[in-house]
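Take a look at the letters that make up each chain.
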Amino acid sequence: EAAVLSDAPRSDAREAAPPRPAPARRALLMCAPDHFGVDYIINPWMENQIGQAALPRAKAQWENLRGKLAAHSDIAFVTPTPGLPDMVFTANAGLAIGDTAVVSRFNAKERRPEERLFCEWFEAQGYSIAPWPENVPFEGAGDALLDHARGIVWCGYGWRSGEEAPKHLEKIFGRRAVALRLIDPRFYHLDTCFCPLSGGWLMFYPDAFDIASREAIRAITPVEKRIEVGEKDALSFACNAVEVAGRVFLNACSDELRARLIDAGFTPVVTPLSEFMKAGGAAKCLTLQLPGAASTVMPRG
Ligand code: ARG
């Protein structure tokens, strides 16, 4: 597949048409951890962690992440709700591209009450909500990652989202969806082990995927653009990273990975998220990438 590497969203480039457009300022959705905790077990990270997340520390870690991201992106907030301890993981709200949003259809029944709240948030922001088949589980941007450089959506399935999800996304968003089968229960969402970065770079943990999916990834991504991480980085959720303005925010990073990222032109920024790791999430899970504002808001200052 000849991938056309261009970072600027097409509509943005057309509207503004400056000789050299500034990189798009990203917009993110977050949810304060007021009611965060490990109250049930729906992934292996949560085993033996019920009641173990320290809320004051979680709040401090989240605030630290929020502050760092806020310096480089616009952040929107959805109101946290008692009894929904995982709502803080807004990556699972849905997937929003352009003015259309798909709201998650949670596989995890404990999280199904979040669907209505995220739906209301998207509606209030003026997104048009695309209909989604009742019987197809889909956990949003946890399992569907827009690759800005290639204009495609990478989709994970096997643990939370259904195998049919990618073809529905393809129809809704009119973009190629590449389906990747996740085989390691510790990497149950695509964003726990796979992170498309700007400029066509891709950071991922190959062992989380079946052989055919690994081959698909490598067929689409030239070797010089791949940042394949080892198990140690993978287990500290290095791939669960948020990139804004060339900075890559992550829970932890080995010296080797740090050097790789710097070589690729990124600035790794470690922001510890131990309390959220107990629930099976880190930096990327705590954010949802929003379209709209990202391409229209001018950089401040
Ligand atoms: N405890 C949450 C769950 O299992 C963590 C979600 C992490 N989110 C993510 N996008 N990987 O649903």
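Here, the structure is the one placed above.
Residues numbered from 1 in each chain as written. Predicted model: local features only at pLDDT ≥ 70, side-chain atom pairs only at ≥ 80, totals over all residues. Heavy atoms only, no water.

Chemist: Pulling in residues and values, what's your account of the overall build of the protein?
Modeler: Summing up its helical and strand segments, the protein has nine helices and 15 strands in all. Split into buried and exposed, the 301 residues of the protein put 55% on the buried side. The long-range fraction of contacts in the protein, counting pairs at least 24 apart against all pairs at least 6 apart in sequence, stands at 72%. Approximately 12800 Å² of the protein is accessible, and the part contributed by carbon and sulfur atoms is 53%. (Helix = DSSP H or I, 4+ residues; strand = E, 2+ residues; numbered from the N terminus. Buried < 20%, exposed > 50% of the residue type's maximum accessible area, 1.4 Å probe, protein only. Contact = heavy atoms within 4.5 Å. Areas by Shrake-Rupley, 256 points an atom, 1.4 Å probe, with all protein chains shown as cover.)

Chemist: Describe the site of the ligand, with residues and values.
Modeler: The environment of the ligand is made up of 17 residues, and the closest members are Asn43, Arg111, Arg160, Asp191 and Ala279. Asn43 places a polar side-chain atom, nitrogen or oxygen, 2.8 Å from an oxygen atom of the ligand. At 2.9 Å, a side-chain N or O of His189 approaches a nitrogen atom of the ligand. Against a free-state accessible area of 350 Å², the protein chains account for coverage of 100% of the ligand. Partitioning the shell around the ligand into residue classes produces seven nonpolar, six polar and four charged. (Near = heavy atom within 4 Å. Polar contact = N/O pair within 3.5 Å; in protein donor to acceptor, adjacent residues only side chain to side chain. Nonpolar A, V, L, I, M, F, W, Y, C, P; charged D, E, K, R; others polar.)

Chemist: Could you give an account of the sheet that holds strand β1 (residues 27-30), naming the residues involved and the relevant values?
Modeler: Reading across the sheet, the three strands line up as β2-β1-β15 and stay open at both edges, with mixed pairing between neighbours. Lying at the two open borders of the sheet, with one neighbouring strand each, are β2 (74-77) and β15 (288-290). The mean inter-strand angle of the sheet, taken between neighbouring strand axes irrespective of direction, is 35 degrees. In this structure, β1 lies alongside β2, joined through four bridges in parallel fashion. Of the residues in β2, the one forming a bridge with Ala27 is Asp74. (Pairing = 2+ DSSP bridges. Axes fitted to C-alpha atoms, helices over the stretch in contact; angles between N-to-C directions.)

Chemist: Mind laying out the sheet that holds strand β14 (residues 267-270), listing which residues take part and the relevant values?
Modeler: Taken together, three strands build an open sheet; the order of strands is β12-β13-β14 and the sheet is mixed. Pairing within the sheet leaves two strands with one partner each, and these edge strands are β12 (242-244) and β14. Across the sheet, the axes of successive neighbouring strands diverge by a mean angle of 25 degrees, strand direction being ignored. In the sheet, β12 pairs with strand β13 (residues 247-250) via three bridges, with the strands oriented antiparallel. Bridge pairing links Val244 to Arg247 in β13. Of the strands in this sheet, β12, β13 and β14 touch helix α2 (residues 55-70), which is tilted by about 170 degrees from β13.

Chemist: Outline the state of the cysteines, listing residues and values.
Modeler: Where two cysteines share a covalent bond between their sulfur atoms, that bond is called a disulfide. By the definition in use, this model includes zero disulfides. No disulfide involves Cys119; its nearest neighbouring cysteine sulfur is the one of Cys31, lying 16 Å away. Here Cys239 stays unpaired: no disulfide links it, and the sulfur of Cys193, its closest cysteine neighbor, is 6.8 Å away. Residue classification places Cys239 among the buried positions, given a relative accessible area of 1%. (Disulfide = S-S within 2.5 Å.)

Chemist: I'd like to hear about the side chain of Thr192, residue by residue, with values.
Modeler: In this structure, Thr192 sits in the loop between β8 (177-181) and β9 (194-196). Among the polar contacts made by the side chain of Thr192, one reaches the main-chain carbonyl oxygen of His189 at a distance of 2.6 Å. The contacts of Thr192, once residues within four sequence positions are left out, are Arg186, Phe187, Phe237, Cys239 and Asn240.

Chemist: How would you explain the nonpolar core if you had to name every residue and give the values?
Modeler: Residues Leu69, Trp154, Phe194, Met203, Phe209, Leu261 and Phe276 are the most contacted members of the largest nonpolar core, which totals 65 residues. Looking at this core, the element that brings in the most residues is α2, giving four residues. Setting aside its immediate chain neighbours within four residues, Phe209 contacts Leu180, Arg181, Leu182, Ile183, Leu190, Cys193, Phe194, Phe204, Arg214 and Ile217. (Core = buried A, V, L, I, M, F, W, Y, C linked by side-chain atoms within 4.5 Å.)

Chemist: Describe the pattern of salt bridges, with residues and values.
Modeler: One side chain can pair with another of opposite charge once the charged atoms of both are near each other. Counted under the stated rule, the structure contains 18 salt bridges. Notably, a salt bridge pairs Arg186 with Glu231, separated by 3.3 Å at the nearest N-O pair. With a gap of 45 residues between them, Arg186 in the loop between β8 and β9 and Glu231 in helix α6 (residues 231-235) connect regions that are remote in the sequence. Judged by relative accessible area, which is 27%, Arg186 ranks as partly exposed. Judged by its relative accessible area of 41%, Glu231 falls in the partly exposed class. Taken together, the shared-partner salt bridges connect Arg105, Arg112, Glu115 and Glu134 into one network. (Salt bridge = Lys/Arg side-chain N within 4 Å of Asp/Glu carboxyl O.)

Geometric descriptors of this kind do not, in isolation, establish any biological role.
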